[in-house]
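A look at the structure
Take a look at the letters that make up each chain.
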Amino acid sequence: NAGVTQTPKFRVLKTGQSMTLLCAQDMNHEYMYWYRQDPGMGLRLIHYSVGEGTTAKGEVPDGYNVSRLKKQNFLLGLESAAPSQTSVYFCASRWTSAGSQYFGPGTRLLVL
Amino acid sequence: GENVEQHPSTLSVQEGDSAVIKCTYSDSASNYFPWYKQELGKRPQLIIDIRSNVGEKKDQRIAVTLNKTAKHFSLHITETQPEDSAVYFCAASRTGTASKLTFGTGTRLQVTL
């Protein structure tokens, strides 16, 4: 039981490049979330999903897209990376809306 | 939407002393309040949570209290140890299909010898 995993662990992009971050969970959780964490800003929600095939915007969705084609996977895409997207990205999941939420190990992204 | 404020932003205590971190929330419909501990370079880890039908919950040296009327909740750590040094985040959410946690901005706790 791996819990929540994220790929890749670290990535460097040039401005304008695109990439996809993968989050996978093996706990059969319905709810999945993408956050970004910046110094002094806490955890800010980018997008989330309440089940397979669904997505919704969070607090800071601009510049990002997501997809949840399979229940166990939640993908976060950056179509045209900008230096302001330099951050640590955490994925999280929970079984129900009232359940405990568990985080993945994070992806450190540097946009030059 | 929900707004969660957390205080203090930094807290330094001596080993063996107690530490208290406080959070307030704005949405009276929020009914789930977890606390996370994040060590440097690591993921946030759930350490304790409380639901709105309970006023206090303990787990060894940590406890959380909830005051629904005042809309605030607190984390209490007793007999602090150096390994308690980390950033602590509170959060709040309501149940339902659009459920999502709103986090406080974190408290950096340093336990000195």
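Residues numbered from 1 in each chain as written. Chains lettered and ligands numbered in written order. Predicted model: local features only at pLDDT ≥ 70, side-chain atom pairs only at ≥ 80, totals over all residues. Heavy atoms only, no water.

1. Quick word on the sheet that holds strand β7 (residues 62-67) of chain B
Residues and elements named next belong to chain B. Rules: In this scheme, strands are said to pair when DSSP sees at least two bridges between them. Each helix is a run of DSSP H or I of at least 4 residues and each strand a run of E of at least 2, with the numbering of both proceeding from the N terminus. To obtain an axis, a line is fitted to C-alpha atoms, over the contacting stretch when the element is a helix, and the angle between two such axes runs from 0 to 180 degrees between their N-to-C directions.
The strand order across the open sheet formed by five strands is β1-β3-β8-β7-β6, and the pairing between neighbours is antiparallel. The open sheet terminates on both sides in strands that have one partner only, identified here as β1 (4-7) and β6 (56-59). Pairs of neighbouring strands in the sheet enclose a mean axial angle of 15 degrees, with direction left out of account. Pairing between β7 and strand β8 (residues 72-77): six bridges, direction antiparallel. Within β8, the residue paired with Thr 65 across the bridge is Ser 74.

2. A closer look at the interface of chain A and chain B
For clarity, the threshold we go by: Should any heavy atoms of two residues lie within 4.5 Å, those residues are counted as being in contact. Once two parts are joined, some of their accessible surface, as seen by a 1.4 Å probe, is lost; buried area is that loss totalled over both. Throughout this description, the term salt bridge denotes a Lys or Arg side-chain nitrogen within 4 Å of a carboxyl oxygen of Asp or Glu. A 3.5 Å cut-off defines polar contacts: any pair of N or O atoms within that distance qualifies, except that in protein one atom must be a possible hydrogen donor and the other a possible acceptor, and neighbouring residues in sequence count only when both atoms are side-chain atoms. Note on residue classes: Ala, Val, Leu, Ile, Met, Phe, Trp, Tyr, Cys and Pro are nonpolar, Asp, Glu, Lys and Arg are charged, and everything else, Gly too, is polar.
At the junction of the two partners, chain A supplies 20 residues and chain B supplies 22 residues. For the pair chain A and chain B, the two sides together bury roughly 1,700 Å², of which 54% comes from carbon and sulfur. Counting across the chain A and chain B interface gives zero salt bridges. Taken together, the links from chain A to chain B amount to six residue pairs in polar contact (both at pLDDT 80 or more). In terms of residue class, the side of chain A that touches chain B is made up of 12 nonpolar, seven polar and one charged.

3. Comments concerning the nonpolar core
Note the following rule: Only buried residues count toward a nonpolar core. Its members are Ala, Val, Leu, Ile, Met, Phe, Trp, Tyr and Cys residues joined through side-chain atoms within 4.5 Å. The rule is simple: take the accessible area with a 1.4 Å probe, protein chains only, and divide by the maximum for that residue type; under 20% is buried, over 50% is exposed, in between is partly exposed.
Within the largest apolar cluster, 22 residues are counted, with the highest numbers of intra-cluster contacts made by Trp35(B) and Phe73(B). Going through the elements one at a time, β3 (19-25), β4 (32-38), β5 (45-51), β7, β8, β9 (86-92) and β11 (107-112) of chain B are the ones with two or more residues in this core. Met19(A), Leu76(A), Leu78(A) and Tyr89(A) belong to the second-largest nonpolar core, a separate cluster that totals 19 residues.

4. Some details on the state of the cysteines
Convention followed: In plain terms, two cysteine sulfur atoms within 2.5 Å form what is called a disulfide here.
Taken as a whole and assessed by the stated rule, the structure comprises two disulfides over all chains. Residue Cys23(A) pairs covalently with Cys91(A) via a disulfide, S to S 1.8 Å. Note on the Cys23(A) and Cys91(A) pair: the S-S dihedral is about -70 degrees, so by sign convention the disulfide is left-handed. Of this pair, Cys23(A) sits in strand β3 (residues 19-25) while Cys91(A) sits in strand β9 (residues 87-94), and the two are 68 residues apart along the sequence. Paired through a disulfide, Cys23(B) and Cys90(B) show a sulfur-sulfur distance of 1.9 Å. Taking the sign of the S-S torsion, -100 degrees for the link of Cys23(B) and Cys90(B), the bridge is left-handed. Residue Cys23(B) is found in strand β3, and its partner Cys90(B) is found in strand β9; the two are separated by 67 residues along the sequence. Each member of the pair, Cys23(B) as well as Cys90(B), is classed as buried.

5. Observations concerning a nonpolar patch on the surface
The cut-off we apply is this: Grouping into patches uses exposed residues only, defined as over 30% relative accessible area, and leaves out salt-bridged ones; the cut-off is 9 Å for like charges and 5 Å for nonpolar side chains (Val, Leu, Ile, Met, Phe, Trp, Tyr). For accessible areas, the Shrake-Rupley method is used with a probe of radius 1.4 Å. Any residue's cover is judged against the shown protein chains and nothing else.
Taken together, the side chains of Phe10(A), Val12(A), Leu110(A) and Leu112(A) define a hydrophobic patch exposed on the protein surface, amounting to about 360 Å² of accessible area. Assignment of secondary structure puts Leu112(A) in the segment after β11 (107-111).

6. Quick notes on the pattern of salt bridges
Counting across every chain of the model gives seven salt bridges over all chains. One salt bridge in this structure joins Glu39(B) and Lys37(B), with 3.6 Å as the shortest N-O distance. With relative accessibility at 35%, the residue Glu39(B) sits in the partly exposed group. Linking Lys57(B) and Asp49(B) is a salt bridge whose minimum nitrogen-to-oxygen distance equals 3.0 Å. Ionic contacts of the salt-bridge type, sharing partners, join the residues Arg36(A), Asp38(A) and Arg44(A) into one network.

7. Some points on the sheet that holds strand β8 (residues 73-78) of chain A
Residue and element names in this part refer to chain A. Within the open sheet, the four strands sit side by side as β1-β3-β8-β7. Their pairing is antiparallel. In the strand order of this sheet, the two ends are held by β1 (4-7) and β7 (65-67), each with one partner. Put simply, the sheet's adjacent strands are angled 20 degrees from each other on average, direction ignored. Two elements, β3 and β8, share six bridges in a ladder whose sense is antiparallel. Paired with Thr 20 across the strands is Gly 77, a residue of β8.

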